[in-house]
Each structure stands twice: as C-alpha cells, then as structure tokens.
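Architecture and fold: a report
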Amino acid sequence: MGTLLIKNATLVNEGQQFESDVYVKDGRIFQIATHIQALADETVDARGLHLFPGVIDDQVHFREPGLTHKADLYTEPRAAVAGGVTTFMEMPNTKPQTLTQELLQAKYDAAASKSIANYSFFMGASNDNLEEVLKTDPKTVCGIKVFMGSSTGNMLVDDEQVLDAIFRNAPILVATHCEKEEIIRANTAEYVAKYGDDIPIHFHPVIRSHEACLASSSLAVRLAQKHNTRLHILHISTAQETELFRNDIPLTEKRITSEVCIHHLWFDDSLYDTKGTHIKWNPAVKSAADRDALWKALLDDRLDIIATDHAPHTLDEKSNVYMKAPSGGPLVQHSLLAILDFVKAEKISLERAIEKLCHAPAQCFEVKERGYLREGYWADLVLVDLNGKTPVTREGLFYKCGWSPFEGHTFQSAIRRTYVNGQLAFHDGQHDDSVRGMRVEFDR
C-alpha cells in the first residue's frame, strides 16, 4: 500500500482540533505528531485544510442485486467517497432479499470485486427465517435488519411471536425501521378514498404519521428492554420518539441507541409543495417543530448517530403520482457537506459533527479500528476545505440515478481528498477506480 505523509493539517478528532502531521504506512495510521520527518511515497501539504476520520454511514440502500437500474455497488460507493464517506452498512431489501447466509455472502463477494469504499451488509429478518438470522456472525456482519414498517415482499416482520423471538435470541445488534403498519394502512385507505392514487404530497406525513412512528418505536424499545437486546432504531423523525432514549449514560454503555438522518435534519413539511416526491421518504419528513426537536435530541445525546438512509430511485420512478412514486432519495455524496453547512451556521460544533458522523457509528456498532484518527487504525481519511464551495449540479453527481434533492444548493465546504485504507480514492473530483475497500470487522 505504500506510505503517505500529510503535513500541516488541522485534525478534528475525539473532541479536539489541533495542527499535526500524519504518517500512513501499509494502509494504517503509523504516527500522529507535530513535525514528522520521514520519506514517503506521497507527501501532501494540507495547510489550510481539515483532516477528519472517514465518515461511517450505517444505513444505505445500494440496490444490488436486482435493482441495479437505480444504483449498484460500483456507482454508490464512488458517490460515497466523493462525499467523505469511507465505510457503509447496506440494507437487505434488494432482489432477492438478503434472507439467507448464502445471499448475504454473495453481497460481500460483489462488494469485494467493485466497491471503492469499505463495506458491511445487514442480514435481513422476515416472519419465517429466524434460523438463518441466528447464524449471523457478530464479528463480520454489522447487524440484523428488522422492518417493523412496510417494506417490499415479505420483509415486513409483523408476527409478534417472531419479533419476540428475534429480540430474545439475536446474537448481534438489531436495527429496526419503526412505523406501525396497521396505522399506515388505515390512513392510506382514507386518503385513497378521497383522492385516488394522486394524493397531494403534503399528506405524506399525515399518512405515515407521528402515531405510526411512536407506536412502533415504543414496541421495539419494550421488546429490547424485556430481553436486554442490543437495539438500534433507525431514522427517528418525530419529537415524541426522542423521549424514548437516554442521555444519562455513555454511548458505550447504551443497549438502546438511535440515529437521525440528514433529510430529517434539513427539510420540513413546508417544502413538499416545491420539492414534491423528491423529498418523499419513509419515515416522512415532518414539521419544523419535529426537526427542531431532532436537533435538540442530537445535541443532548438522546440521538446518537447521523446517517443518510441513502435510497436512490430513478427520476422517472420519482415523477409518478403519490401512490406510485417510491419513497427514498440519494444523499450519501453530500451528508458530510450538509452537516458542515450546519457547522458554519453554528448549529453544531465541528467536533460534535465528527463525533456523530464518525466516532459514534464506530462505537455503536463496535467497528474494529475505524472511525477515529488513532495510531494503528486504518487510514480512512478525509481532507476538507472549509472555505471551499460545492455547488450541487447534475453534472457533478456520481449517483447512478443522476439527481439529488440538494440540486441548486451550494455547500460552503469542499471535499479535497478521501483516503480508504491509506489509498487515495478521490481527489478534487476524480476517482482512482483501482482502489478497493475492505470488509469491515467488529470487536464483539
């Protein structure tokens, strides 16, 4: 892998900012010191730039296998590293769905051959694959994904006995999508009766309501408390749900953790009339008051992680009427830049932003030797120009779907270099497509 010397960077790591050099050898951080005098295969003068650990995104949908007209394990990791995301954890609702250990391994094999970023994949749970779920290796798989809200095919787990068995026996972290299906179905039927398929988009958070989210999240918490399950609730979207989580103990001691996604921190329901189905997600983007409550809970550590739920669809698919337009959108190329805009606006400090994007996912999932700037850790590194500009145009996107909900916005920072395991994967708009990420390991 060779050697790399980064000089004069401002490191942001573990609650501190300080100027330092970083020496990388054989893919790992070998030394962090004020003045390193060493020969290297590559020397970078990073004066004026900030050096972060690579972002760890614990929730993406990269659509391979079976849905590769939307995205795949080559295109989306390229978009990720262009945005400073060096490690991703991908979801099981592909075609076929990842419901057996053989199908799970097939995803790892595909990523090994084409992903420029580091990778892990969730094992999927259904109403009838508990035996396969329990075979999951905690040291090489990020977690078990349970859809407690509507999903494709048979991935909705709504059998209470199965849910109880998963929470009781899971050998590994259980990550849940929490929306109560019965409430959503009743609300959908009511609005279809009024409008047919062409329901006005601003009713999306009414159909996928606060009540649906809270009922399901509350059930997940009760089951986790009953069985002492290691539970992680994905994409919290309501003020009420934030009250389910603790902030009186360190993250490393929590058995129940949570995340908030970029779109729930950025958008609110006032934007449905202009953004339309481009901001149709499940759970729905809700009110400005909900968004403010999410920010409060993030900053006081009830919400632990910032992620994306990157879930691309084609523009043709998103341009359908409400009932036919799928939920989800592409975000992974701009998650770090979006949070850095909030840093500029003094909504969150730079140190806390890195904690929530890098350190907390590593702690929450017990990721081995990633998520920090530490000697001996893998050199997943991002050099950022906080005085740069990144306009969002379709020409600058690396997503296969070719669009972004941020189009027209100019971010107030720029990603200059992204290193994956010490290899320069992205540099000022260009990828090195010979770089391959690694399968993530876990200290469990």
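Heads up: the structure comes first, above all this text.
No experiment lies behind these values; they were computed from the predicted model shown.

Another aspect to go through is helix 7 (residues 210-227). An α-helical turn contains 3.6 residues, so a residue and the one three or four places further along point in the same direction. If you check helix 7, its first and last C-alpha atoms are 26 Å apart, about what 18 residues at 1.5 Å a residue would give, namely 26 Å. Within helix 7, burial applies to Ala 212, Cys 213, Ser 216, Ser 217, Ser 218, Ala 220, Val 221, Leu 223, Ala 224 and His 227. Of the residues one or two after helix 7, Asn 228 is the one with positive phi, at around 55°.

Following Glu 64, the chain continues into Pro 65 via a peptide bond in cis, with omega recorded as 10°. Despite not being glycine, Glu 346 shows a phi value in the positive range, around 65°. Mapped onto the secondary structure, Glu 346 falls in the loop between helix 13 (335-344) and helix 14 (350-365). Assessed through its relative accessible area of 74%, Glu 346 is described here as exposed. A positive phi angle, close to 60°, is found at Glu 369, a residue other than glycine. Relative to the helices and strands, Glu 369 is located in the loop between helix 14 and strand 15 (381-385).

Attention now moves to the sheet that holds strand 12 (residues 231-233). In any sheet, the strands associate via hydrogen bonds between backbone groups, in a parallel or an antiparallel arrangement. Strand order in the open sheet formed by 6 strands is 9-10-11-12-13-14, and the pairing between neighbours is parallel. Only two strands of the sheet have a single partner each, and these edge strands are strand 9 (123-124) and strand 14 (305-307). Two strands pair when backbone bridges link them, and strand 12 and strand 13 (residues 256-261) are joined in this way by 3 bridges, in the parallel orientation. Residue pairing in the sheet places Ile 233 in a bridge with Ser 258 of strand 13. Along the sheet, helix 4 (residues 160-169) makes contact with strand 10 (144-148), strand 11 (174-178) and strand 12, crossing strand 10 at roughly 150°.

Mapped onto the fold, Leu 271 is located in the loop between helix 9 (262-266) and helix 10 (272-275). C-alpha separation for the pair Leu 271 and Thr 94, spaced 177 residues apart in sequence, amounts to 30 Å. Beyond its immediate sequence surroundings of up to four residues, Leu 271 is in contact with Gly 276 and Ile 279.

Reading the values: rules and limits
Residues numbered from 1 in each chain as written. Predicted model: local features only at pLDDT ≥ 70, side-chain atom pairs only at ≥ 80, totals over all residues. Heavy atoms only, no water. Helix = DSSP H or I, 4+ residues; strand = E, 2+ residues; numbered from the N terminus. Expected span 1.5 Å × (residues − 1). Buried < 20%, exposed > 50% of the residue type's maximum accessible area, 1.4 Å probe, protein only. Pairing = 2+ DSSP bridges. Contact = heavy atoms within 4.5 Å. Axes fitted to C-alpha atoms, helices over the stretch in contact; angles between N-to-C directions.

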